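Read off the chains here:
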Amino acid sequence: MQPICSVEKIIEKDGKKIVVCDDTRSQLFKLLQEAQDKNGYISDKDMQEIADILDIHPVEVYSVVTFYSFFTDKKKGQHIIRISNCMPNEMAGSKEIIKVFEDELKIKLGETTKDGLFTIEMTGCIGMCDQAPAIMVDDKLIGNVDTEKVKKIISGLKQK
Amino acid sequence: MSKRQGPVIFSDIEPYAGLKSAVKMGESKIILDLVAKSNLRGRGGAGFPTGLKWKLVFDTQADKKFVICNADEGEPGTFKDRVLLSEYAKLVFEGMAIAGLAIGANAGFMYLRAEYKSLLPLIEKVLTDMRADGALGKNIMGKEGFDFDVEIRLGAGAYICGEETALIESLEGNRGEPRNRPPFPVNTGFEGYPTTVNNVETFAIIPHILTKGAEWFKDIGTEKSSGAKVISVSGDCENKGVYEIPYGTSLNEILKMTGTSSAKAIQVGGASGVCVPKEDFTRKIAFEDLSTGGSIIVLGEKVNLMDMVENFLEFFKEESCGQCTPCREGIPVFLEAVKSIKDEKCTKEYLQDILSLAETMQCSSKCGLGQSVPNAFVSVIEKFKNEYKLSKKIKEEKVFNG
Ligand SMILES: Cc1cc2nc3c(=O)[nH]c(=O)nc-3n(C[C@H](O)[C@H](O)[C@H](O)COP(=O)(O)O)c2cc1C
Ligand code: SF4
């Protein structure tokens, strides 16, 4: 389906024709998400390129990137593990789950393993309180997490 | 279809029955009247009458209009939109298309929170199926000129983008900072065009009303709150999950439904909501009593309520957009107050200052986030005097200098 926008314009990117909104920067998110999906983060070069496509200043792109917690301009681990610490999750032991990840991966919250495989972060409610404690592994939602499950998740991702 | 049971969304309905009725009614005015007559109010939290919102968009002259489904569900303790999107997405999109017909919009967005990205393939498949069935796209259900389609846009992890003007900012590719209101989105919304923003659940109710009528809907619930609410129950309770309850259901009944024998308190409405003590479990879920987007967190004896308040405040500190002073500067003061209460260092005078700051924040913050920051704190201070100790010192130990 073509994107929905108020005024359309066809442009070329990577040799492909894509439709963007001419009068707005409403396609910015999509371009940022594509860039991040490709490399795991949004580099200065990506921001410059996106700014050129949409004809806005790169600083504006940067200010959007830094506003949202799922956008990052720094290289992180290949897999990002987000542990929800909202109240129902805290009641169900999210703090202990964080500790298990820290011990297993030998890093602290917010850090990336030396091999570049994993980053662990804390996040707000991920809408999985019926299955607390719950986490997000990349895009995947995983509930009822315990020590055994943490070990399985890590070894599973290492084998990939 | 799933086997869930409930009076409205979870009641039986034929696929596309709502769309077919809407097409039969034909005219915008008839649909708008029906939705208004049903007394349907928004399920996203604020409870604005849906029929009125749509009429305001309809009445605004413009060559384009938009329908937006708010699927940013970020309130701690809610997950009902995740369940609705996983099991009832077709009903939601049907509701959006009916809204499109009613207000005269040809395009809609669903703003889906980044945390639910894994639902995307499933939701996209529903859209593809609906286009194949002639329920989206051009000439919907064979009605000449009834064109409507939906594009899914992913959020990027910001609770504030659930606020409708921040959501529109985000859709336009900006930082999710709430706008001044007025102008309201019904007049000046996405790209300056008249726009209705409604919750996932609100849209899922629409096909039922179109098919079964306003009177059927009004017979469910209370006089002031028509219909039912989908709630998300979590915390110290036996059967966590999603339930659809008629408005007027008491907290006691909810506990019974979920097989929970005892609780010390229930946090209603998530981090923005209030903490209700045991004595008040006769209170009811309804716009006229406990009005909520549906987050019900059951708190057992072991939960420390000051820890809970601190958890909420840390969340708000992280999620405040920082645009206006009362919210940006107020949250850290509340956090400090909670710490001093936990250390038994807070004097009566200091607490009074904090409670008056609460009032200031409730009335002077720009958006609902800042306005609801003090709710949990104030309710715990007022209703749970055994849960904390104030400092015996008469002289103010801390001077509030905000
Ligand atoms: C901080 C904040 C967060 C909000 N989050 C949501 C949300 O996640 N989903 C939602 O439908 N409404 C949310 N709202 C309410 C919306 O602003 C808006 O009122 C709602 O989407 C309108 O839909 P309704 O009329 O169907 O309830 C939020 C409001 C505020 C102030
Ligand atoms: S109240 Fe808070 S979240 Fe809302 S606009 Fe002000 S600073 Fe931003």
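Small disclaimer: the values here were computed from a predicted structure and weren't measured.

J.: Tell me about the overall build of chain B, residues and numbers included.
T.: Along its length, chain B carries 14 helices and nine strands. Since a compact globule built from 402 residues should have a radius of gyration of about 21 Å, the 22 Å found for chain B is in line with a globular shape. For chain B, buried positions account for 61% of its 402 residues. Of all intrachain contacts in chain B linking residues separated by at least 6 positions in sequence, the fraction that spans at least 24 positions is 73%. Accessible surface, chain B: about 15800 Å² in total, of which carbon and sulfur atoms supply 49%. Once the 50 positive and 55 negative side-chain charges of chain B are each reduced to a mean point, those two points are 1 Å apart.

J.: Hey, could you go over the domain arrangement of chain B for me, with residue numbers and the actual values?
T.: Residues and elements named next belong to chain B. For chain B, the assigned domains read domain 1 (2–218), domain 2 (228–299) and domain 3 (305–396). Distance from the C-alpha centre of domain 1 to the C-alpha centre of domain 3: 35 Å. The interface is formed by eleven residues belonging to domain 1 together with eight residues belonging to domain 3. Across the domain 1/domain 3 interface, buried area totals approximately 830 Å², and carbon plus sulfur atoms make up 70% of it. Considering only the side of domain 1, the residues that lose the most area to domain 3 are Tyr159, Ile160 and Pro178, jointly responsible for 53% of the buried surface there. Along the contact surface separating domain 1 from domain 3 lie zero salt bridges.

J.: I'd like a rundown of the environment of lysine 76 of chain A, residues and numbers included.
T.: Residue and element names in this part refer to chain A. Locating lysine 76 in the fold gives a position in the loop between helix H3 (58–67) and strand E3 (79–84). Between the C-alpha atoms of lysine 76 and threonine 119, which are 43 residues apart in sequence, the distance is 6.3 Å. If sequence neighbours within four positions are ignored, lysine 76 has contacts with Thr112, Thr119 and Glu121. In this structure the side chain of lysine 76 is engaged in a polar contact, spanning 2.5 Å, whose partner is the side chain of glutamate 121.

J.: Kindly report on the site of ligand 2, identifying the contributing residues and their values.
T.: In the region of ligand 2, 13 residues are neighbours, and Cys321, Gln323, Cys324, Cys327 and Cys367 of chain B sit closest. By residue class, the composition of the shell around ligand 2 is seven nonpolar, five polar and one charged.

J.: For the interface of chain B and chain A, give the residues involved together with the corresponding values.
T.: Listed as interface residues are 55 residues of chain B and, on the opposing side, 39 residues of chain A. A buried area of about 3500 Å², summed over both sides, lies between chain B and chain A, and 58% of it is on carbon and sulfur atoms. When the buried area of chain B at its contact with chain A is split by residue, Glu115, Ala156 and Arg175 of chain B rank highest and sum to 16% of it. The salt bridge partner of aspartate 130 of chain A is arginine 82 of chain B, with a shortest N-O separation of 3.2 Å. For the side of chain B that touches chain A, the secondary-structure elements that each account for two or more residues are strand E2 (107–112), strand E3 (149–154), helix H7 (164–171), strand E5 (228–235), strand E9 (295–299) and helix H11 (305–319) of chain B. Sort the elements by how many residues they give to the side of chain B that touches chain A and E3 of chain B lands first, with five residues. Within the side of chain B that touches chain A, the residues separate by chemical class into 24 nonpolar, 15 polar and 16 charged.

J.: Before we move on, can you summarise helix H2 (residues 44–54) of chain A with the specific residues and values?
T.: Residue and element names in this part refer to chain A. Buried residues of H2: Asp46, Met47, Ile50, Ala51 and Leu54, and no others. One face of H2 carries all of its buried residues, which in axial projection span an arc of 130°. Residues of H2 that are exposed and angled more than 90 degrees away from the buried face: Asp44, Lys45 and Asp52. As for H2, its buried residues are in contact with helix H1 (28–39) and H3. Among the residues trailing H2, aspartate 55 stands out with phi positive, at a value near 60°.

J.: Now, about the sheet that holds strand E7 (residues 265–268) of chain B: what can you tell me, with residues and values included?
T.: To summarise the sheet geometry, strands pair through backbone hydrogen bonds and adopt either a parallel or an antiparallel arrangement. Residues and elements named next belong to chain B. Pairing in this open sheet of five strands is mixed, and the strands run E6-E5-E9-E7-E8 from one edge to the other. Both outer strands of the open sheet, strand E6 (241–246) and strand E8 (274–277), are each paired with one neighbouring strand and no more. On average, each strand axis in the sheet is inclined to that of its neighbour by 30°, with strand direction left out of account. Of the strand pairs in this sheet, E5 and E6 are connected by six bridges, and their pairing is antiparallel. Bridge pairing in E6 links valine 233 to glycine 241.

J.: Now, about the side chain of threonine 260 of chain B: what can you tell me, with residues and values included?
T.: Residue and element names in this part refer to chain B. Counting through the fold element by element, threonine 260 comes out in the loop between helix H10 (251–257) and E7. In this structure the side chain of threonine 260 is engaged in a polar contact, spanning 2.9 Å, whose partner is the side chain of threonine 258. If sequence neighbours within four positions are ignored, threonine 260 has contacts with Asp236, Cys237, Glu238, Leu255 and Val298.

J.: Describe the domain arrangement of chain A, listing the residues and the values that go with them.
T.: Domain annotation for chain A reports domain 1 (7–67) and domain 2 (79–159). Placing a centre on the C-alpha atoms of domain 1 of chain A and another on those of domain 2 of chain A gives a separation of 31 Å.

J.: For the packing of H2 of chain A against H3 of chain A, give the residues involved together with the corresponding values.
T.: All names here are of chain A. It is at 8 Å that the axes of H2 and H3 come closest, and there the two elements cross at 120°. As the angle between them shows, H2 and H3 are arranged oblique. Note on packing geometry: the crossing formed by H2 with H3 is right-handed. Contact residues: H2 offers Met47, Gln48 and Ala51, while H3 offers Pro58, Val61, Tyr62 and Val65. The class makeup of the residues in the contact of H2 with H3 is six nonpolar, one polar and no charged.

J.: Please give an account of the site of ligand 1 that cites residues and values.
T.: Residue and element names in this part refer to chain B. Taken together, 19 residues form the shell around ligand 1, and within it Gly44, Asn70, Glu164, Asn199 and Thr202 come nearest. Take arginine 43: an N or O atom from its main chain is 3.2 Å from an oxygen atom of ligand 1. Between asparagine 199 and ligand 1, the recorded distance is 2.7 Å, taken from a side-chain N or O atom to an oxygen atom. If ligand 1 stood free it would expose 610 Å²; the protein chains cover 88% of that surface. When residues of the shell around ligand 1 are traced back to their parent elements, those giving at least two are strand E4 (195–199) and helix H14 (368–383). Broken down by element, the shell around ligand 1 gets its largest block of residues, three residues, from E4. Here the shell around ligand 1 is built from residues that sort into four nonpolar, nine polar and six charged.

J.: Describe the packing of helix H2 (residues 28–37) of chain B against helix H5 (residues 89–103) of chain B, naming the residues involved and giving the relevant values.
T.: All names here are of chain B. It is at 7 Å that the axes of H2 and H5 come closest, and there the two elements cross at 120°. One element, H2, and the other, H5, form an angle in the oblique class. The two elements H2 and H5 cross, and the hand of that crossing is left-handed. Taking contact as the criterion, the partners of Ser28, Ile31 and Leu32 in H2 are, on H5, Ile98, Leu101 and Ala102. When grouped by side-chain class, the residues that make up the contact of H2 with H5 number five nonpolar, one polar and no charged.

Each value, and the rule that gives it
Residues numbered from 1 in each chain as written. Chains lettered and ligands numbered in written order. Predicted model: local features only at pLDDT ≥ 70, side-chain atom pairs only at ≥ 80, totals over all residues. Heavy atoms only, no water. Helix = DSSP H or I, 4+ residues; strand = E, 2+ residues; numbered from the N terminus. Rg over C-alpha atoms; globule rule 2.2 N^0.38 Å. Buried < 20%, exposed > 50% of the residue type's maximum accessible area, 1.4 Å probe, protein only. Contact = heavy atoms within 4.5 Å. Areas by Shrake-Rupley, 256 points an atom, 1.4 Å probe, with all protein chains shown as cover. Lys, Arg positive; Asp, Glu negative; His and termini not counted. Charge placed at Lys NZ, Arg CZ, Asp CG, Glu CD. Domains from an automatic or database assignment. Buried area = accessible area lost by both parts, 1.4 Å probe. Salt bridge = Lys/Arg side-chain N within 4 Å of Asp/Glu carboxyl O. Polar contact = N/O pair within 3.5 Å; in protein donor to acceptor, adjacent residues only side chain to side chain. Near = heavy atom within 4 Å. Nonpolar A, V, L, I, M, F, W, Y, C, P; charged D, E, K, R; others polar. Arc of directions from axis to C-beta. Pairing = 2+ DSSP bridges. Axes fitted to C-alpha atoms, helices over the stretch in contact; angles between N-to-C directions. Parallel < 35°, antiparallel > 145°, perpendicular 65-115°, else oblique. Left-handed = near helix turned anticlockwise from the far one by under 90°.

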